[in-house]
Amino acid sequence: NLRSFAATTALLASSILAGCGGDKTQGSGADTASTTVAATTPDAGGTPGEATYGQVCASCHQATGLGTEGTFPPLKGSNWLLGNPDVPIAIVLAGLQGEIAVSGKTYSGAMQAWGMLSDDDVAAVLTYARSQWGNAAGPVTGAQVKAVRDKIGGRTAWTVAELKKEFPGAGT
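Cut-off values and rules
- Chains are numbered independently. Their residues run from 1 in the order of the written sequence.
- Where local features are concerned, this predicted model is filtered to residues with pLDDT of at least 70; where side-chain atom pairs are given and counted, the filter is 80 or more; whole-chain, interface and lining totals use all residues.
- Think of the side-chain values as coming from all heavy atoms in the structure, minus any hydrogens and water.
- Residue types Ala, Val, Leu, Ile, Met, Phe, Trp, Tyr and Cys, when buried and joined through side-chain atoms within 4.5 Å, form a set referred to as a nonpolar core.
- The cut-offs for exposure are 20% and 50% of the maximum accessible area for each residue type, with area from a 1.4 Å probe on protein chains only; residues under the lower value are buried, those over the upper are exposed, and the others partly exposed.
- By definition, any uninterrupted DSSP run of H or I lasting at least four residues is a helix, any uninterrupted run of E lasting at least two residues is a strand, and each is numbered from the N terminus.
- Any two residues whose heavy atoms approach within 4.5 Å at even a single point are treated as in contact.
- Each aromatic pair joins two rings of Phe, Tyr and Trp (for Trp, the six-membered one) with centres within 6.5 Å, and gets the label stacked for planes under 30 degrees apart, edge-to-face for over 60, and tilted for any other angle.
- Whether a charge lies above a ring is judged from NZ of Lys or CZ of Arg, which has to be within 6 Å of the ring centre and within 35 degrees of the ring normal.
- We define a salt bridge as a side-chain nitrogen of Lys or Arg found within 4 Å of a carboxyl oxygen belonging to Asp or Glu.

Caption draft 1: Expanded view of the nonpolar core. Among the nonpolar cores identified, the biggest contains 38 residues, and Tyr 53, Trp 80, Leu 126, Trp 158 and Leu 163 are the most heavily contacted of them. Counting residues per element, the ones that place at least two in this core are helix H2 (50-61), helix H3 (79-82), helix H4 (86-94), strand S1 (100-102), helix H5 (119-130), helix H6 (142-152) and helix H7 (160-166). At 7 residues, the largest contribution of residues to this core is made by H4. Excluding anything up to four places from it in sequence, Trp 158 contacts Ala 90, Ile 91, Ala 94, Gly 95, Leu 96, Gln 97, Ile 152, Leu 163, Glu 166 and Phe 167.

Dropping the structure here:
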């Protein structure tokens, strides 16, 4: 129905705007009901995670994975994304604040927590990003996401220093 579609569209738009730094406060997402966005099944020949990437991630990281200069880092070639999968899982679940260096450039945009996504949706969108734009990292599973979610609990946004302490080698 049109009213339901409008409400869903408004919620998604506000989430995307908040995710791109519109709201600098970070929540854990742990108290939010699990939401499935469309990541686990491919749409019209797409791959699992592609729809969620387009709905949730592309507004900041761009459809090309190149990010937004100075604000939102590229995912293409990012050691933060392509290394230990626990690192991007933790970032997606709890968010990120403060500066981060990717490929020798510094970015300062905040990333909101997307912990309201299901484990399978987080796995699918990260698997998508880890295999696009010349990236060739292995897939992420729902079980891996669940393990990280259980480990970090309801924490709020990470800083780079916290990620490096929790996940030695993160970003290298």
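Caption draft 2: Structural context of the packing of aromatic side chains. By the definition in use, this model includes 4 aromatic pairs. Where Tyr 53 meets Tyr 128, the ring centres are 5.6 Å apart and the plane angle is 45°; that geometry is what we call tilted. In this pair, Tyr 53 is assigned in helix H2 and Tyr 128 in helix H5, connecting sequence segments 75 residues apart. Of the residues examined, Tyr 128 reaches a relative accessible area of 9% and is grouped as buried. An angle of 85° between the planes, with centres 6.0 Å apart, marks the rings of Tyr 128 and Trp 133 as edge-to-face. Following the ring pairs from residue to residue traces out a cluster consisting of Tyr 53, Tyr 128 and Trp 133. For Arg 155, the ring lying beneath its charged end belongs to Trp 158, and the centroid distance is 3.7 Å.

Caption draft 3: Quick peek at the pattern of salt bridges. In the structure shown here, the tally under the stated rule is 5 salt bridges. Ionic pairing is found between Glu 69 and Lys 105, a salt bridge with its closest N-O pair at 3.8 Å. Taken together, the residues span a long stretch of sequence, with Glu 69 in the loop between H2 and H3 and Lys 105 in strand S2 (residues 105-107) at a distance of 36 residues. Look at Lys 105 and you get partly exposed, because its relative accessible area is 41%.

Coordinates in, geometry out; function isn't part of it.
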